[in-house]
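Structural overview for review
As a plain string of letters, each chain reads:
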Amino acid sequence: MSAMTPEQIEVLDASLAARTPQEILAAAFEHFDTPDIMLSFSGAEDVALVDMAVKIRPDVHIFTLDTGRLPGETYEFFDDVRRHYGIRIETYFPYTMAVETLVSQKGFLSFFRDGHAECCQIRKVEPLKRALDTVDAWITGQRRDQSPGTRDHLPFVQIDPVFRTQRGALVKFNPLAAWSSADVFSYIIQNKTPINPLHQPLARGGGDYRRLAGPAYVSLGCLPCTTLLHPGEHERAARWRWESMLKKECGLHLEHTDT
Ligand code: SF4
């Protein structure tokens, strides 16, 4: 375990500004050793980060959250990634009783009426808290260009503004912060990583959604809350399409709320 002060984090963040994602990952592993650092994998284009991390630290500790509502293709993809790299993916599920209560009281699609925060809190945020309670630092695939208004100033490393562990402050590394969606897909194509079947059309078109000729899946999440992206739209438009752009976070990274 290697505790870091806010001042040390600030200095490290400044020093990572001109570094590649691989160099940022290497810095993360220099400061925190397995199993005190964990990499979050959502079953989407963040496979690029898994690929980079496994090449640096084959014993990297990887986890995911299974909300129970993911597309079938994403479950296939998790198993492809597991087999391809020969890795274990620690999988966290929501508490059964919390899901049973929500669905029994409000139905399977309450998020269309009540907003997605309540369902995301139960299916994503609470399991994430449990996962993060076991480590001192985590690595995410967050990017600045991913969500207008909420990720514009994302640092390469920060004290997690949302979560703490029982042991104290949690450090969060964001090695892809300065990359665009096109950079990530370009890495995936060049390195021939496994790819979520839902992303195949985008990859076949070169991987840059801003050049889409027709609808395609770009930002992936739970099945009911993910839609096709249309040419000219920002990637985040395809998630929770019935809500405004500034509400399009699931609570995993929001600074002002856990939901
Ligand atoms: S993304 Fe949709 S289905 Fe998934 S946890 Fe959030 S509200 Fe529920």
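This text follows the structure it describes.
Scope of this entry: the structure provided in the associated data block. Everything quoted here is computed from the prediction, not taken from an experiment. (Residues numbered from 1 in each chain as written. Predicted model: local features only at pLDDT ≥ 70, side-chain atom pairs only at ≥ 80, totals over all residues.)

Considerations on the nonpolar core
- In terms of nonpolar packing, the biggest core is built from 62 residues, with Leu39 and Val50 touching the most fellow members.
- When neighbours within four sequence positions are excluded, valine 50 is seen to be in contact with Leu39, Phe41, Ile62, Val81 and Tyr85. (Core = buried A, V, L, I, M, F, W, Y, C linked by C-beta atoms within 7 Å. Buried ≥ 20, exposed ≤ 12 C-beta atoms within 10 Å, placed from the backbone. Contact = placed C-beta atoms within 7 Å.)

Describing helix H5 (residues 96–106)
- Across the 11 residues of H5, 0 count as buried, placing the element largely on the outside.
- Trailing H5 by a residue or two, glycine 107 shows a phi angle of about 90 degrees, which is positive. (Helix = DSSP H or I, 4+ residues; strand = E, 2+ residues; numbered from the N terminus.)

A short note on the sheet that holds strand S4 (residues 137–139)
- Judged by pairing direction, the sheet is mixed, and its 6 strands sit side by side in the order S3-S2-S1-S4-S6-S5 without closing on themselves. Strand pairing shows two members of the sheet lacking a second neighbour, strand S3 (89–92) and strand S5 (157–165), which therefore form its edges. The sheet shows a mean angle of 35 degrees between the axes of neighbouring strands, direction not considered.
- Relative to strand S2 (residues 62–65), strand S1 (residues 37–40) runs parallel, the two sharing 2 bridges. (Pairing = 2+ DSSP bridges. Axes fitted to C-alpha atoms, helices over the stretch in contact; angles between N-to-C directions.)

Describing the environment of aspartate 145
- Along the chain, the position of aspartate 145 falls in the loop between S4 and S5.
- Taking the C-alpha atoms as reference points, aspartate 145 and alanine 178, 33 residues apart in sequence, are found 7.9 Å from one another.
- With near-sequence residues (within four places) excluded, aspartate 145 lies in contact with Ser180 and Ser181.

Considering the site of the ligand
- In the vicinity of the ligand there are 13 residues, among which His116, Cys119, Cys120, Cys222 and Cys225 approach most closely.
- In terms of residues, the shell around the ligand owes the most to one element, helix H7 (residues 117–132), which gives 4 residues.
- Of the residues contributing to the shell around the ligand, the split by class is 7 nonpolar, 3 polar and 3 charged. (Near = placed C-beta within 6 Å. Nonpolar A, V, L, I, M, F, W, Y, C, P; charged D, E, K, R; others polar.)

As for the pairing of strand S6 (residues 168–173)
- With 3 bridges connecting them, S4 and S6 associate as parallel partners. Looking at the pairing, alanine 137 lines up with valine 171 of S6.
- Here 5 bridges tie S5 to S6, and the two strands are oriented antiparallel to one another. Among the inter-strand pairings, isoleucine 159 is bridged to a residue of S6, identified as valine 171.
- As consecutive antiparallel partners, S5 and S6 are separated by 2 residues.

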